[in-house]
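Fold and geometry: a report
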Amino acid sequence: MNTGVKITAFAAALAATFGTAYGVGKGVGPVGEPAKSEHGGHAAAAPEGGGHGGHEGHAEAANAPAAGGLQVSENGYTLALDTPAPQAGRSTLKFSIKDANGRKVTAFTTEHGKELHFIVASRDLTVFRHLHPVRAADGTWSVDADLPAAGAYKAFADFKPAAPGAKGVTLGADLSVPGAYAPKPLPPVVPVADVDGYQVRLGGTLDPGKAGELRLTVTRAGRPVTDLQPYLGAYGHLVALREGDLAYLHVHPNEGGPGPDVSFTATAPSTGTYRLFLDFQHEGKVRTAAFTVRAGATGVTGETGATTGAGHDAGGHAHG
């Protein structure tokens, strides 16, 4: 299926903090021309049945919503980490969401099957963990996580409080795993990701300040996979993290069938480099295909990229 329902991705703001902004620019995938569709609205869809350079970059950012995950506190809510320095390997992460009075929040709105979505990624964007923590009665969340090596990580909490009039919030906080840190290079730009015998091809467009479609096609042994299973209320779950500041974009797909195509429509902020992480479920197991995307800068070909090869750990789905 390849229908396009506009879904807002959190876009770049606060770029002055970093001196240079990062983002996704024209032409993701084999389609080289910028998309001509209008700006996306905010929506998330279930299966059937069930990120500036120059003046142009300023215009792009003005047309897009604010980026998520750049702040530890926003709209009166704070991501408080009880375990900011976990050991390398498997450990238990604990945290809470606190309100403006410093009280732990215990009431959330369920979205996409969860009260809260929790992501942990390494700063070099080679490790990605989509975790499903459990909330205790006092508002403390906990989940086991495997962080394979020492270094800098960032945790993201994506949620909507149940308080009247509350809006969805994405907060970000730093984690530091002690030990000798050797950051890895960003994986190369190639058009197909291989993961556990599956091949995932990324195509379409993602343009700054404009809605563009991303299309991910899942095959195995050369045959289309047409019986994907719902995961978090949809046939695919996509997170994009911007290189540099790790701004967070969380996009769910439009309505469609169970493969082989999973279609997203998203508005990106500007030019630069991203890592895209697609979660999909088949035969009872969730897998993650990871893509490097460099787009929008002078000389960029508009190709998509992916790798799940040795030394790059895109997997990780854990429940508390």
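Higher on the page you've got the structure.
Keep in mind that this is a model prediction, so the values were computed, not measured. (Residues numbered from 1 in each chain as written. Predicted model: local features only at pLDDT ≥ 70, side-chain atom pairs only at ≥ 80, totals over all residues. Heavy atoms only, no water.)

Structural notes on the overall build of the protein chain
Across its full length, the protein chain carries 1 helix and 19 strands. About 13100 Å² of surface is accessible on the protein chain, with carbon and sulfur atoms providing 52% of the total. (Helix = DSSP H or I, 4+ residues; strand = E, 2+ residues; numbered from the N terminus. Areas by Shrake-Rupley, 256 points an atom, 1.4 Å probe, with all protein chains shown as cover.)

Description of the sheet that holds strand β2 (residues 77-81)
With antiparallel pairing, 5 strands are arranged side by side in an open sheet as β1-β2-β3-β7-β6. Each edge of the open sheet carries a strand with a single partner, namely β1 (73-74) and β6 (134-135). Here strand β3 (residues 89-98) runs beside strand β7 (residues 140-147); their pairing, made up of 8 bridges, is antiparallel. Its bridge partner being in β7, L93 is matched across the sheet by V143. (Pairing = 2+ DSSP bridges.)

A closer look at unusual backbone geometry
Among all residues save glycine, negative phi is the norm, and among peptide bonds the norm is trans. Note that the residue after G259, namely P260, is joined by a cis bond; omega there is 5°. Note on placement: P260 falls in the loop between β15 (248-251) and β16 (261-267). The backbone of D196 sits at a positive phi, close to 50°, despite the residue not being glycine. By the secondary structure assignment, D196 is in the loop between β10 (192-195) and β11 (198-204). Positive phi, close to 55°, is recorded for E283, a residue that is not glycine. Mapping E283 onto the fold places it in the loop between β17 (272-282) and β18 (285-295). Looking at E283, the relative accessible area reads 54%, which means it is exposed. (Buried < 20%, exposed > 50% of the residue type's maximum accessible area, 1.4 Å probe, protein only.)

Focus: the pattern of salt bridges
Two side chains carrying opposite charge are able to pair once their charged atoms lie near each other. The tally for this structure, following the rule as stated, stands at 8 salt bridges. For D174, the salt bridge identified is with R123, shortest N-O distance 2.8 Å. Residue D174 is found in strand β9 (residues 169-177), and its partner R123 is found in the loop between β4 (116-122) and β5 (128-132); the two are separated by 51 residues along the sequence. Residue classification places D174 among the partly exposed residues on the basis of a relative accessible area of 48%. In this structure, D196 engages K285 in a salt bridge whose closest nitrogen and oxygen atoms are separated by 3.6 Å. Remark: K285 occurs in strand β18 and D196 occurs in the loop between β10 and β11; sequence separation between them is 89 residues. (Salt bridge = Lys/Arg side-chain N within 4 Å of Asp/Glu carboxyl O.)

Concerning the pairing of strand β8 (residues 151-159)
Both faces of the sheet carry side chains from a regular strand, because those side chains alternate between them. Counting buried residues along β8, 8 of its 9 residues qualify, which places the element largely inside the surrounding structure. Across 7 bridges, β4 lies against β8 in antiparallel orientation. Each residue of the ladder has a partner; that of F118, found in β8, is A157. Sheet topology places β8 next to β9; 9 bridges connect them, and they run antiparallel. What sits directly across from D158, in β9, is T170.

Examining the packing of aromatic side chains
Remark: the centre distance and the inter-plane angle together describe each pair of aromatic rings, the angle taken between the planes. Under the criterion given, the structure shown has 8 aromatic pairs. When the centroid spacing of 5.8 Å and the interplanar angle of 85° are considered together, the rings of F108 and F159 count as edge-to-face. Taken together, the residues F108 in the loop between β3 and β4 and F159 in strand β8 connect sequence positions 51 residues apart. The pair F108 / F159 is uniform in exposure class, with both members buried. A connected cluster of aromatic rings, assembled from ring pairs, spans Y77, F95, F108, F118, W141 and F159. (Phe/Tyr/Trp six-rings, centres within 6.5 Å; stacked < 30°, edge-to-face > 60°.)

A short note on the side chain of S96
One can find S96 in strand β3. Setting aside anything within four residues of it in sequence, one finds S96 in contact with T78, L79, A80, K104, G139, T140 and W141. (Contact = heavy atoms within 4.5 Å.)

Regarding the nonpolar core
The biggest cluster of nonpolar side chains holds 28 residues, and the ones touching the most others in it are L79, L93, I97, L116, F118, V120 and F159. Listing elements by their share of this core, those giving two or more residues are β2, β3, β4, β7, β8 and β9. With 25 residues, the next largest nonpolar core counts Y198, L214, Y235 and F291 among its residues. (Core = buried A, V, L, I, M, F, W, Y, C linked by side-chain atoms within 4.5 Å.)

Considering the side chain of T170
Mapped onto the fold, T170 is located in strand β9. A distance of 3.4 Å separates a polar atom in the side chain of T170 from a polar atom in the side chain of D158. (Polar contact = N/O pair within 3.5 Å; in protein donor to acceptor, adjacent residues only side chain to side chain.)

Side note on the pairing of β2
With 4 of 5 residues buried, β2 lies mostly within the body of the structure. In the sheet, β1 pairs with β2 via 2 bridges, with the strands oriented antiparallel. Looking at β2, one finds that S73 is bridged to T78. Once β1 ends, the chain turns through 2 residues before running back antiparallel as β2, passing N75 with a positive phi of about 55°. In the sheet, β2 pairs with β3 via 4 bridges, with the strands oriented antiparallel. Across the sheet, residue L79 finds its bridge partner in β3, namely I97.

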